[in-house]
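# A look at the structure
Here is what each chain is made of, one letter per residue.
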Amino acid sequence: MTRRAASQRGLSCSTATGGPEDFIAVRGHQPLRLLSHNIQVGIATHRYRDYLTGGWKHLLPSADRARSLAAIAPTLSHFDIIGLQEADAGSIRSRFLNQAEHLAELAELSHWAVRVNRDLGQFGKHALGLISRIQPREITQCPLPGRMPGRGALVADFLWDGHPLRVIDTHLALSRRARQMQFDQLGELADVPGYVVVMADFNCEPDDPGMQQWCIENGLKLPKRPPLTYPRWQPQRAIDHIAVSQSLDIRGTEARPIGGSDHIPVAMSIALPLPHKQH
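Let us now look at the sheet that holds strand β7 (residues 151-160). Sheet strands associate in pairs through backbone hydrogen bonding, adopting either a parallel or an antiparallel arrangement. Read across the open sheet, the six strands follow the order β6-β7-β8-β9-β11-β10; overall the sheet is mixed. Only two strands of the sheet have a single neighbouring strand rather than two, namely β6 (138-144) and β10 (220-221). Here strand β8 (residues 163-171) pairs with strand β9 (residues 195-201) via seven bridges, running parallel. The partner of L165 across the bridge, within β9, is Y195. The sheet contacts of helix α5 (residues 176-190) involve β6, β7, β8 and β9, and relative to β6 the element is tilted by about 160°.

With that settled, consider the packing of aromatic side chains. Summed over the entire model, instances satisfying the criterion amount to seven aromatic pairs. Centre to centre, the rings of Y48 and Y51 are 6.4 Å apart; their planes meet at 40°, and the pair counts as tilted. In this structure Y48 comes out as partly exposed when scored by relative accessible area, which is 48%. On the accessibility criterion, Y51 (31% relative accessible area) is partly exposed. An aromatic cluster of at least three residues, connected via ring pairs, comprises Y48, Y51 and W233.

What follows covers the pattern of salt bridges. Within the structure shown, the criterion is met by 13 salt bridges. In this structure, the salt-bridge partner of D80 is R33, at a minimum N-O distance of 3.3 Å. With D80 in the loop between α3 (63-76) and β3 (81-88) and R33 in strand β2 (residues 32-38), this pair connects stretches of sequence that are 47 residues apart. Exposure remark for R33: the relative accessible area of 27% places this residue in the partly exposed category. Of the charged contacts, one joins R133 and D80 as a salt bridge, the two residues approaching to 2.9 Å between their closest N and O atoms. Of this pair, R133 sits in the loop between β5 (125-132) and β6 while D80 sits in the loop between α3 and β3, and the two are 53 residues apart along the sequence.

Counting 27 residues, the largest nonpolar core has I81, F158, L165, V197 and I270 as its most contacted members. Sorting the residues of this core by element identifies β1 (11-13), β2, β5, β7, β8, β9, β11 (240-245) and β13 (266-271) as the ones contributing at least two each. Here this core takes four residues from β7, the largest share from any one element. Sequence-distant contacts of L165, that is, excluding residues within four places in its chain, are made with F23, L32, I81, A156, D157, F158, W160, Y195, V196 and V197. With 23 residues, the next largest nonpolar core counts I82, A104, L109 and I258 among its residues.

Turning our attention to helix α6 (residues 209-217). When α6 is considered as a whole, its buried residues turn out to be G210, M211, W214 and C215. Down the axis of α6, the sector holding all buried residues measures 135°, keeping them to one side. Turned more than 90 degrees away from the buried face of α6 sit P209, I216 and E217, all of them exposed. Buried-residue contacts for α6 involve α5, β9, β10 and β11. Its side-chain oxygen at 3.0 Å from the backbone nitrogen of G210, D208 defines the N-terminal cap of α6. Just past α6, the residue G219 takes up positive phi, approximately 65°.

What follows concerns the environment of Q85. Within the element layout of this structure, Q85 appears in strand β3. For the pair Q85 and L172, spaced 87 residues apart in sequence, the C-alpha to C-alpha distance is 10.0 Å.

The subject of this paragraph is the pairing of β6. Pairing between β6 and β7: seven bridges, direction antiparallel. Bridging across to β7, E138 finds its partner in D157. Connecting β6 to the antiparallel partner β7 that follows it, the hairpin turn spans six residues, and G150 within it adopts a positive phi of roughly 125°.

How each quantity is defined
Residues numbered from 1 in each chain as written. Predicted model: local features only at pLDDT ≥ 70, side-chain atom pairs only at ≥ 80, totals over all residues. Heavy atoms only, no water. Pairing = 2+ DSSP bridges. Helix = DSSP H or I, 4+ residues; strand = E, 2+ residues; numbered from the N terminus. Contact = heavy atoms within 4.5 Å. Axes fitted to C-alpha atoms, helices over the stretch in contact; angles between N-to-C directions. Phe/Tyr/Trp six-rings, centres within 6.5 Å; stacked < 30°, edge-to-face > 60°. Buried < 20%, exposed > 50% of the residue type's maximum accessible area, 1.4 Å probe, protein only. Salt bridge = Lys/Arg side-chain N within 4 Å of Asp/Glu carboxyl O. Core = buried A, V, L, I, M, F, W, Y, C linked by side-chain atoms within 4.5 Å. Arc of directions from axis to C-beta. Polar contact = N/O pair within 3.5 Å; in protein donor to acceptor, adjacent residues only side chain to side chain.

Below is the structure:
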């Protein structure tokens, strides 16, 4: 990912260049492995009261943050594309560490990008992160509408066996009304040739009417049984999802309890349709 022009404010990318430009070169005809994870800036949460007793960790550095990131990284190395939510792009609380870049280095993956959603200067840089095994053809970003600013989408365009593959990483609002506006914007981002993957903390269950309608209108699908991902210590809700184009073959989906956060990441493997189904 080459660093983009200044007009892409809030977006930073790795400077690594070269290497394969199509996933077929590194995966052959094997499925792609995807992971979506709300990392809660590396804060390990074990019970509801930790939100109160550990709230200071959202503002100040803590010793367990580095341990949490170190625990996440080995799992990341097994995936081809990773979408991160609630990362920090470098502030006091992260000891000015770009967490997505740091995780990419620990996982020995060369390509990463970060979109800062809320820039509080030295007190916090709330960000989305995307890590990949190959260099995207292009990285862009888009703000998402809402009653309060600070939501956005990170968009990466790849090639997969010669087919365009768009991957969108995002984190939607808590309110249904705001999410509906954000679904509309995501629909525009998903309206491209080829295949689409959207990985996010959607903050809603798979049976949410807005999410169901969004999938129908944009030719996307969720796994038949989306795994429970929140809260990490006793999962009761499926709010972290990976949605993919209808024509892609979902080979497997699971929640993988790794590292420190209050969410469990979602892992998915996907394959291209059989040749007679391609169009």
